[in-house]
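Structural characterization, general
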Amino acid sequence: MNRFYYLVCALLFPLSLAAQLQQLPPGEILAGIQKLRISGSALYMAAHPDDENTRLLAYLAKELKVRTGYLSLTRGDGGQNLIGNEQAELLGLIRTQELLAARRTDGAVQFFTRANDFGFSKTSDESLKIWGKEQILADAVWVIRKFRPDIIITRFPEDARAGHGHHAASAILAREAFFAAADPKRFPEQLKYVKPWQAKRIVWNTFNFGTTNTTAPDQLKIDVGLYNPLLGKSYGEIAAISRTNHKSQGFGSTLQRGEAFEYFSPVAGEPAKNTLFDGISLTIENKQALALINEIQSTFKPDQPELSISKLIGLKKLLPEQKPLIEQLILACAGIYAEATAYEKNYAINDSIPVKIQAIQRSPTLSGPKTMLKKGMINVALETNKPLSFDVKILANKISQPYWLAKDHPIGNYTITNQEDIGYPENPDRLVVEIAISIHDELVPLILPVNYKFTDPAKGEIYQPLAIAPAVTATMSEKAYVFSGGQPKTISVQLKSFRNNSVGSVEPKLPKGWTSTPTKIDFKLNKGDEQTASLTITPGNEPSGNLVLQVNNGDTVSDKGLKTIAYDHIPNISLFPQAAARLEKIDLKIVGKRVGYMDGAGDLTAEALKEMGYEVVKLGPTQVINTDLSAFDAIVTGVRLYNINEEIRLMQPKLLAYVEKGGTLLIQYNVNTNLKIQNLGPYPFKLSNKRVTEEDSKVTFIAPNDAAFNYPNKITPKDFEGWVQERGIYFGVDIDPKYKTLLSMHDTHETDSDGALLIANYGKGKYVYTSLVFFRELPAGVPGAYRLIANLLAPKVN
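Quick look at the overall build of the chain now. Counting its regular elements, the chain contains 17 helices and 47 strands. At 29 Å, the chain has a C-alpha radius of gyration in line with the 28 Å of a compact globule built from 798 residues. Projected onto its principal axes, the C-alpha positions of the chain cover 90 × 70 × 55 Å. For the chain, buried positions account for 57% of its 798 residues. By sequence separation, contacts in the chain at least 24 residues apart represent 74% of the contacts at least 6 residues apart. Of the charged side chains in the chain, 89 are positive and 84 negative; the average position of the first set lies 2 Å away from that of the second.

Below, the structure is given as structure tokens:
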């Protein structure tokens, strides 16, 4: 099988099938015919999901009809999640699918490098150092050499106006890749697969964001707000629909109509004066093919698209470089629909999978021997509007693990060993079935991805990716477990079988001196069975280490757990991370037992508090407003609660009254914009966009004798060791003196900020606002974060 087939289809005509082959409406068929005459291409480059200019991408792909790509250096792994509690790699998986949905809307194709979004960075130097500049540059060069764009467009400048170190770094890498891709001496190992490529020019798509306006009257100016009558939408409307796919970032957008100008500043190569493609012919050179395309376009009948098939077959011989697009158009004109679906949603590795092939042709003039379906020895006529169905079997030879997550990786980039995988948004070797449709004796190959199809009573027909799993998985509920002193802890393990007659055991592999009771978990399971078991872990002398679960199943040994991500706006994601958890033995004391937790945008703090020994009760608006809150020793709000919950204006008076009567209220970070109420505490303070991104930056105790650092745990600088990604975000400013500001910190070359931790006595109770990123540190098992939050949740000390 040609593993690039679908990528090429998407590059040329991004209406390609994700789950099945569907008939295109006449307007899109005609747009595809028009696209056959176009030879240009453009690659847009930036750092993250959502950085791309979707309006410009839609204009390039659907108005100019050039091959259009977006290279996002990262998958957005380090951002915040507004729809759930997934972080890091899991958030990157969600944002990858959101980007793919956006590209299906605006018509571009999606690429990535191996760079990991490690969190906000204030300088390009830091970003390039952590990413490993040369490796990410090599990936960008690879994508350019493979995609071969005529022009490259960057979203950001190379300086501080970019607003983020990743942004500026993406511009630097784009400029350097522009030159390196053409130099055979740079990354010569790639030349086994691709050839050097010199784009005509690279330009910066300047912007006017907030208070930063980088556009100028002397820059190239293009109106991209045009209306496309074949699609029935303007590019502003398409762009808003595309951008709204970024739901994990809360980027729902209003549809824009009317003129909209984009500005461009030259970076390198031959400057453009009139259009982005100055000096580049956008029309194919093959005169005979061009004449035939004109004829096909002028004679195309929307109500009889099959009349164009014979000419398209003739064009295929004249224009072999456009073969994938022409074949798509032939199938669309013939009214061909085809799909490959499995009977179950998951199978085990090395299973033989029965797959149902369904096909139909709906053109009244192509019945019988004029249209045949071929699969191996199968050669069946497709009668008009009569469905055809038959089964084949395929081998599940690889688990459904995203290729960039197959191996452990450092903070800055993913470990990818296969050069040909670079750039792909998803695994390029997913399970497929190859068939062919013969139309007028012309063979058109089809590669159908195998999916699982079912009917939901409320949502109707749904397609989901087929998951290939280990025979048995063992999953722990947490990524980290904390042990207070030498006290044992019981850990729950969830076993799941993906194959019948799975018999074996799970053995915990522990740090030296640590023990488990029992020493193994026996299982005897059939497909779909689940078994919940418990391991009581007793710490040894080693203060920390990893617990890994080894699954012994007959002759096979694995160490995989199961993680499923399910949201309505993206396909379900199944992956099989190592069945491992961090074990930390720490000196931890807690005061008080019952904590109320108010969910915000999504975090795992409540689960971490349970790990510490608190009884955690989830509180919604009804409970907060109508319940006697004095039953709780402390109440904690989830991240961004004050940004997303409209009812906080009703809950806030009740929360402050709870504090006044003796309760402890801890507010986790909120963003400084779009707050539902302005007064977050009993006394005034504001939020800013200040942050400390260096996770190892020095932390100064402003008031070391305060109870926050002494009761019930003695907090020292050691408790700020081992933090991950950052210290704090959206610090408080303009702080009323009734608050105690207890910590001071700063990034390199910056001045101190003291707004990370605010505490105020209010009535008989204690109010805490913290910008410290407990939502990252607690799931990562950082000991000092546990000890500090225990102190912050302790009652007011008189």
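There's more to say after this.
With that out of the way, let us pick up the nonpolar core. Leu 312, Leu 315, Ile 353, Val 355, Val 433, Ile 437 and Ile 439 are the most contacted members of the largest nonpolar core, which totals 53 residues. Residue contacts for Ile 439: discarding those within four places in its chain leaves Ile 309, Ile 313, Ile 330, Leu 331, Ala 334, Ile 336, Leu 366, Lys 370 and Thr 371. Listed in part, the 48 residues of the second largest apolar core include Phe 118, Ile 172, Tyr 414 and Tyr 424.

Among the structural elements, Tyr 614 can be located in the loop between helix H12 (605-612) and strand E36 (615-618). Of the residues examined, Tyr 614 reaches a relative accessible area of 5% and is grouped as buried. Sequence spacing of Tyr 614 and Glu 126 is 488 residues, and the spatial spacing of their C-alpha atoms is 39 Å. Once residues within four sequence positions are removed from consideration, Tyr 614 is found in contact with Ile 590, Val 591, Gly 592, Lys 593, Val 595, Leu 609, Ala 790 and Leu 793.

This next bit is on the packing of helix H3 (residues 54-63) against helix H8 (residues 235-243). Interaxial distance between H3 and H8 falls to 8 Å at its minimum, and their mutual angle equals 120°. When the axes of H3 and H8 are compared, the pair comes out oblique. Crossing angle aside, the handedness with which H3 passes H8 is right-handed. Between H3 and H8, the residues in contact are Thr 54, Arg 55, Ala 58, Tyr 59, Lys 62 and Glu 63 and Tyr 235, Gly 236, Ile 238, Ala 239, Ser 242 and Arg 243, respectively.

Let's shift gears to empty space enclosed by the protein. Going through the model one piece at a time under the given rule, you end up with 5 cavities of 30 Å³ or more. By volume, the second largest cavity is sized at about 80 Å³. For the second largest cavity, the lining is made up of 13 residues, of which Gln 80, Asn 81, Gly 602, Val 639 and Phe 775 are closest to its centre. The class makeup of the residues in the lining of the second largest cavity is 5 nonpolar, 5 polar and 3 charged.

Now for H3. With 8 of 10 residues buried, H3 lies mostly within the body of the structure. Taken residue by residue, H3 has Thr 54, Leu 56, Leu 57, Ala 58, Tyr 59, Leu 60, Ala 61 and Lys 62 as its buried positions. For H3, the N-terminal cap is Asn 53; the gap from its side-chain oxygen to the backbone nitrogen of Arg 55 is 3.2 Å. The first or second residue beyond H3 is Lys 65, which carries a positive phi of 60°.

A word on the sheet that holds strand E27 (residues 515-517). Spatially, 4 strands are ordered E23-E25-E29-E27 in an open sheet, and the strand pairing comes out antiparallel. Two strands lie at the open edges of the sheet, namely strand E23 (472-476) and E27, each paired on one side alone. Averaged over all neighbouring strand pairs, the angle between strand axes comes to 35°, with direction disregarded. With 3 bridges connecting them, E27 and strand E29 (residues 530-538) associate as antiparallel partners. Looking across to E29, one finds that Thr 517 is bridged to Thr 536.

The 7 strands lie next to each other as E4-E3-E2-E5-E6-E12-E9, forming an open sheet whose pairing is mixed. Two strands close off the open sheet at either side, each with one partner strand: strand E4 (109-112) and strand E9 (220-223). Direction aside, neighbouring strands of the sheet carry axes that sit 30° apart on average. Each of strand E2 (41-46), strand E3 (67-72), strand E5 (151-154), strand E6 (201-206), E9 and strand E12 (261-269) touches H3; the most contacted strand, E3, lies at about 150° to it. Across the sheet, helix H6 (residues 133-147) touches E2, E3, E4 and E5, and the angle it forms with E2 is around 165°.

Tallied over the full model, the rule gives 38 salt bridges. Where Arg 114 meets Asp 139, a salt bridge forms, and the shortest distance between an N and an O atom there is 2.8 Å. Of this pair, Arg 114 sits in the loop between E4 and helix H5 (124-131) while Asp 139 sits in helix H6, and the two are 25 residues apart along the sequence. Each member of the pair Arg 114 and Asp 139 is classed as buried.

Take the side chain of Thr 214 next. Here Thr 214 lies in the loop between strand E8 (212-213) and E9. The exposure class of Thr 214 is buried, given its relative accessible area of 7%.

Moving on, we get to the environment of Ser 630. Its location among the elements puts Ser 630 in the loop between helix H13 (621-626) and strand E37 (634-637). We classify Ser 630 as exposed; its relative accessible area is 54%. For the pair Ser 630 and Val 659, spaced 29 residues apart in sequence, the C-alpha to C-alpha distance is 9.2 Å.

Let's shift gears to the pairing of E9. Here E9 shows a buried face lined by Leu 220 and Ile 222 and an unburied face lined by Lys 221 and Asp 223. Where E9 and E12 come together, 4 bridges link them in antiparallel fashion. Within E12, the position partnered with Ile 222 by the bridge is Glu 262.

To continue, consider the confidence of the model for the chain. Of the residues in the chain, 97% reach a pLDDT of 70 or more, and the chain-wide mean stands at 93. Counting contacts from residues 1-18, a segment whose pLDDT is below 50, to residues more than four positions away or on other chains yields 61 contacts.

Okay, the pairing of E37 next. The alternating pattern of E37 places Ala 634 and Val 636 and Ile 635 and Thr 637 on opposite faces, both of which are buried. In this structure, strand E35 (residues 594-598) lies alongside E37, joined through 4 bridges in parallel fashion. Looking across to E37, one finds that Tyr 597 is bridged to Val 636. Looking at chain direction, E37 and strand E38 (residues 664-667) are connected through 4 bridges and run parallel. Within E38, the residue paired with Thr 637 across the bridge is Ile 667.

What counts, and at which threshold
Residues numbered from 1 in each chain as written. Predicted model: local features only at pLDDT ≥ 70, side-chain atom pairs only at ≥ 80, totals over all residues. Heavy atoms only, no water. Helix = DSSP H or I, 4+ residues; strand = E, 2+ residues; numbered from the N terminus. Rg over C-alpha atoms; globule rule 2.2 N^0.38 Å. Buried < 20%, exposed > 50% of the residue type's maximum accessible area, 1.4 Å probe, protein only. Contact = heavy atoms within 4.5 Å. Lys, Arg positive; Asp, Glu negative; His and termini not counted. Charge placed at Lys NZ, Arg CZ, Asp CG, Glu CD. Core = buried A, V, L, I, M, F, W, Y, C linked by side-chain atoms within 4.5 Å. Axes fitted to C-alpha atoms, helices over the stretch in contact; angles between N-to-C directions. Parallel < 35°, antiparallel > 145°, perpendicular 65-115°, else oblique. Left-handed = near helix turned anticlockwise from the far one by under 90°. 1 Å grid on protein atoms, 1.4 Å probe; cavity = no way out; pocket = protein on both sides within 12 Å on 5 of 7 lines; lining within 4 Å. Points joined across faces, edges and corners; volume = space filled by probe spheres on them. Nonpolar A, V, L, I, M, F, W, Y, C, P; charged D, E, K, R; others polar. Polar contact = N/O pair within 3.5 Å; in protein donor to acceptor, adjacent residues only side chain to side chain. Pairing = 2+ DSSP bridges. Salt bridge = Lys/Arg side-chain N within 4 Å of Asp/Glu carboxyl O. pLDDT = per-residue confidence, 0-100.

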